[in-house]
Amino acid sequence: MQKSWMLGAVAMLATAGTLAFVTQEPAEETPAPMAAAQAPNPQPIQFPHDVHAGTYQMECQYCHFSAERSVDAGIPPVSTCIGCHTMIPGEQQPQEVAKIREYFDAGEPIPWVRIHKVADHVHFPHMRHIAAGYQCQDCHGQIQEMGVLVDPDPAWGKGKMGWCITCHVEQEAPRDCTVCHY
Ligand code: HEC
Ligand code: HEC
Ligand code: HEC
Ligand code: HEC
Ligand code: HEC
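Residues numbered from 1 in each chain as written. Chains lettered and ligands numbered in written order. Predicted model: local features only at pLDDT ≥ 70, side-chain atom pairs only at ≥ 80, totals over all residues.

Student: So what's going on with the overall build of the protein chain? Residues and values would help.
Tutor: When you go through the protein chain residue by residue, the secondary structure sums to nine helices and zero strands. Counting from the amino terminus, helix and strand elements in the protein chain follow one another as α-α-α-α-α-α-α-α-α. Within the protein chain, the proportion of its 182 residues that are buried is 9%. Here the analysis covers contacts within the protein chain between residues at least 6 apart in sequence; of these, 73% occur between residues at least 24 apart. (Helix = DSSP H or I, 4+ residues; strand = E, 2+ residues; numbered from the N terminus. Buried ≥ 20, exposed ≤ 12 C-beta atoms within 10 Å, placed from the backbone. Contact = placed C-beta atoms within 7 Å.)

Right under this line is the structure:
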């Protein structure tokens, strides 16, 4: 608890500190469109979920800000990272943290590689599932215990139709083809 409280204070201080800089030199706010995933670990920065969401107990939606109100969960812009990492250089992997500054200074979004993706003809609204009371972990596994994400957890059911339907049947959620297909 204390750790996460301290982190909140650090985040606020750091954000206030960077504001002046941001107004001088507008940074890119929009995350890059995510490319298709490829093995083994193609991520541009080795971002550890266990450190942020585990050790420091950051809320998932601090970064995935739109999960409860939109179709996409959302990927945080560089400015979210820089808010803390101006003051936190990283003890284990400072070279990974240094890359954040490079993207920020260049005004470029971090080109994260997308891992969870259903077929284009499928409609998956995050907000409906969050409103129904599901936790992120129900579908994505124990992300707060994972280091760098490479493959989806088995909890994700490979994004197959059978996985969606099984739960919709159990929960008596809609099953018309047009609910999920455009
Ligand atoms: C400090 C910001 C931050 C926090 C906190 C955070 N994430 Fe993330 N998350 C990211 C970033 C950046 C990515 C993109 C890089 C990657 O895939 O690791 C990501 C990726 C993901 C992905 C994969 C997206 C894809 O490519 O398909 C999932 C799922 C996810 N996060 C879930 C969670 C959950 C669940 C929590 C809470 C337990 C959480 N995240 C907390 C920043 C965060
Ligand atoms: C609320 C503050 C906060 C935010 C926001 C945040 N981080 Fe961190 N991050 C930390 C802390 C604290 C550590 C642990 C640093 C340590 O142990 O030296 C860390 C560690 C890391 C590390 C591992 C470095 C190391 O040496 O342990 C990387 C890489 C990283 N963060 C990338 C990111 C990226 C990319 C984002 C934006 C998507 C981000 N962080 C957002 C606080 C934050
Ligand atoms: C009912 C299952 C389910 C739940 C609950 C769920 N997700 Fe997802 N998530 C998915 C599916 C399915 C996709 C792929 C959607 C697509 O390709 O359109 C996905 C994709 C993502 C992505 C990829 C990019 C994006 O912006 O959508 C992130 C990040 C993510 N989820 C984070 C989260 C977080 C954080 C939570 C909790 C707040 C959460 N998810 C809850 C099933 C779920
Ligand atoms: C863990 C259980 C679970 C999984 C897995 C799941 N869903 Fe759902 N889904 C629900 C529930 C429950 C609702 C009903 C929410 C409500 O009543 O608002 C729902 C609602 C929906 C809706 C909105 C329906 C409407 O009335 O407009 C869509 C679309 C949807 N899901 C698509 C999907 C797709 C696509 C997948 C797989 C990629 C999926 N769901 C996986 C439980 C699940
Ligand atoms: C709850 C959500 C959901 C409902 C309802 C649903 N589908 Fe799907 N469907 C999916 C998902 C997710 C995929 C993508 C599977 C993949 O990418 O492997 C899919 C894929 C498909 C495909 C492509 C072939 C395949 O297996 O990938 C067809 C055809 C299809 N669905 C037909 C239907 C028909 C017909 C209905 C109504 C009887 C229906 N679907 C109802 C979620 C759903």
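Student: An account of unusual backbone geometry is requested, with residue identities and associated values reported.
Tutor: At Gln 57, a residue that is not glycine, the phi angle is positive and equals roughly 50 degrees. The topology assignment puts Gln 57 in the loop between α2 (49–55) and α3 (60–63).

Student: Got a sec to walk through the site of ligand 4? Specific residues and values, please.
Tutor: Taken together, 22 residues sit near ligand 4, with Ala 132, Cys 164, Cys 167, Gln 171 and Ala 173 positioned nearest. Within the residue set of the shell around ligand 4, elements represented by two or more residues are α6 (126–131), α7 (136–140), α8 (161–170) and α9 (177–180). Top element by residues in the shell around ligand 4 is α8. It accounts for four residues. In the shell around ligand 4, the residues fall into 15 nonpolar, five polar and two charged. (Near = placed C-beta within 6 Å. Nonpolar A, V, L, I, M, F, W, Y, C, P; charged D, E, K, R; others polar.)

Student: Summarise the site of ligand 5; cite the residues concerned and give the values.
Tutor: Taken together, 14 residues sit near ligand 5, with Ala 119, Met 161, Cys 164, Cys 177 and Cys 180 positioned nearest. For the shell around ligand 5, the elements supplying multiple residues, two or more each, are α8 and α9.

Student: How would you sum up the packing of helix α4 (residues 78–85) against helix α5 (residues 94–106)? Please name residues and give values.
Tutor: Their axes nearest at 10 Å, the elements α4 and α5 cross at an angle of 125 degrees. Of the possible angle classes, the one that applies to α4 and α5 is oblique. α4 and α5 meet at a crossing whose hand is left-handed. Contact residues: Val 78, Cys 81, Ile 82 and His 85 in α4; Val 97, Ile 100, Tyr 103 and Phe 104 in α5. Residues that form the contact of α4 with α5 fall into these classes: seven nonpolar, one polar and no charged. (Axes fitted to C-alpha atoms, helices over the stretch in contact; angles between N-to-C directions. Parallel < 35°, antiparallel > 145°, perpendicular 65-115°, else oblique. Left-handed = near helix turned anticlockwise from the far one by under 90°.)

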